[in-house]
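Fold and contact review
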Amino acid sequence: MSFQPSERRSGFRRSPCYGESVVNARDTLIPGMTARPGSPAVAWRVEPGLLSYEHALAAMEARVADIAAGRADELVWLVEHPPLYTAGTSAAAGEVLDARFPVHATGRGGQTTYHGPGQRLVYLMLDLKRRRQDVRAFVATLEEWIIRALAHFNVVGERRDDRVGVWVRRPDKDAQPGEGHEDKIAAIGIRLKRWVSLHGIAINVEPDLSHFAGIVPCGVREQRYGVTSLVDLGLPVTMDDLDAALKAEFEGLFGRSVAAAPAKAGVQSHQTGM
């Protein structure tokens, strides 16, 4: 499946590649977190099926401990979860409006969000000591990675100073011109242990968007800010399409990756069905 590159719009600052629009230029933050020369390639794993959140969290914690101790290579882990909500360290009381799915307290940054089928979770276990020990630059690089991947599908992703994540403008939702409706298409929430990252990014491909109604997504209450997905935007994008775009844009920002070795006996993913 191929899509045309994003067209330029006048009046916007642009990121270095592909012409995607960047409202928050972050002039002091240059995206890029490549590892120092001689570092091993990052392992890249795509998990089949739906993975329980409890298992994902336990596996991340174990892998991060091994990376920090020099016993394992860095890992990018692409998964999907059954429907659930997670509450980050900045989550406020009242953000869960209807606990129709399990709610998990988590140590990542950010507030309350939804994960479920049709949403690509990318858990990044990267050693920033090999890269840049700069959390703000890491978040900016994750945003840039998402923006570049979305550009493969002619989606213009934008940053916002006051809202972490990646947003798309929705003038089609404005009752009056200039109301400024925007929808979030990707969320970011990370944690660091000994400068090794946990958690990562979530990009909406084709989740059930009604499931976001059970929470105040990422604490954003203004009615003109909503949630969208690639399919909601009218694009026939599959999970495999997005994975290919993410893989294509990873190396320029983070460095080489290689397919991860199969999981060892006894530590395979615990999958769960609907």
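All right, on to the nonpolar core then. With 41 residues, the main nonpolar core has Val-76, Leu-142, Trp-145, Leu-230 and Phe-254 as its most contacted residues. Mapped by element, the contributors of at least two residues to this core are β3 (42-46), β4 (75-79), β8 (119-125), α2 (135-151), β10 (163-169), β11 (182-193), β12 (196-204) and α3 (239-254). Sort the elements by how many residues they give to this core and α2 lands first, with ten residues. Excluding its chain neighbours within four sequence positions, the residues that come into contact with Trp-145 are Trp-44, Val-76, Val-122, Leu-124, Ile-201, Leu-246, Glu-249, Phe-250, Leu-253 and Phe-254. Within the second largest apolar cluster, 19 residues are counted, among which are Leu-51, Trp-77, Met-125 and Leu-198.

The next point concerns the environment of Leu-121. Counting through the fold element by element, Leu-121 comes out in strand β8. Residue classification places Leu-121 among the buried residues on the basis of a relative accessible area of 3%. Taking the C-alpha atoms as reference, Leu-121 lies 5.9 Å from Glu-80; in sequence the two are 41 residues apart. In this structure, Leu-121 is in contact with Trp-77, Leu-78, Val-79, His-81, His-115, Ile-201 and Ala-202, ignoring residues within four places of it in sequence.

Glancing now at the pattern of salt bridges. For the coordinates displayed, the defined rule picks out 19 salt bridges. A salt bridge links Asp-127 to Arg-130; its shortest N-O distance comes to 3.4 Å. On the accessibility criterion, Arg-130 (12% relative accessible area) is buried.

In this section: the packing of aromatic side chains. Using the criterion set out here, one finds eleven aromatic pairs in the structure. Between Trp-44 and Trp-145 the ring centres are 6.4 Å apart and the planes differ by 75 degrees, which places this aromatic pair in the edge-to-face class. Residue Trp-44 is found in strand β3, and its partner Trp-145 is found in helix α2; the two are separated by 101 residues along the sequence. Take Trp-44: its relative accessible area is 9%, and that puts it in the buried class.

Their axes nearest at 9 Å, the elements α2 and α3 cross at an angle of 140 degrees. Comparing their axes, α3 and α2 come out oblique. Read as a crossing pair, α2 and α3 show a hand that is right-handed. Of the residues in α3, those in contact with Phe-138, Thr-141, Leu-142, Glu-144, Trp-145, Arg-148 and Ala-149 of α2 are Ala-245, Leu-246, Glu-249, Phe-250, Leu-253 and Phe-254. Class assignment of the residues belonging to the contact of α2 with α3 gives a composition of nine nonpolar, one polar and three charged.

How each quantity is defined
- Residues numbered from 1 in each chain as written.
- Predicted model: local features only at pLDDT ≥ 70, side-chain atom pairs only at ≥ 80, totals over all residues.
- Heavy atoms only, no water.
- Core = buried A, V, L, I, M, F, W, Y, C linked by side-chain atoms within 4.5 Å.
- Buried < 20%, exposed > 50% of the residue type's maximum accessible area, 1.4 Å probe, protein only.
- Helix = DSSP H or I, 4+ residues; strand = E, 2+ residues; numbered from the N terminus.
- Contact = heavy atoms within 4.5 Å.
- Salt bridge = Lys/Arg side-chain N within 4 Å of Asp/Glu carboxyl O.
- Phe/Tyr/Trp six-rings, centres within 6.5 Å; stacked < 30°, edge-to-face > 60°.
- Axes fitted to C-alpha atoms, helices over the stretch in contact; angles between N-to-C directions.
- Parallel < 35°, antiparallel > 145°, perpendicular 65-115°, else oblique.
- Left-handed = near helix turned anticlockwise from the far one by under 90°.
- Nonpolar A, V, L, I, M, F, W, Y, C, P; charged D, E, K, R; others polar.

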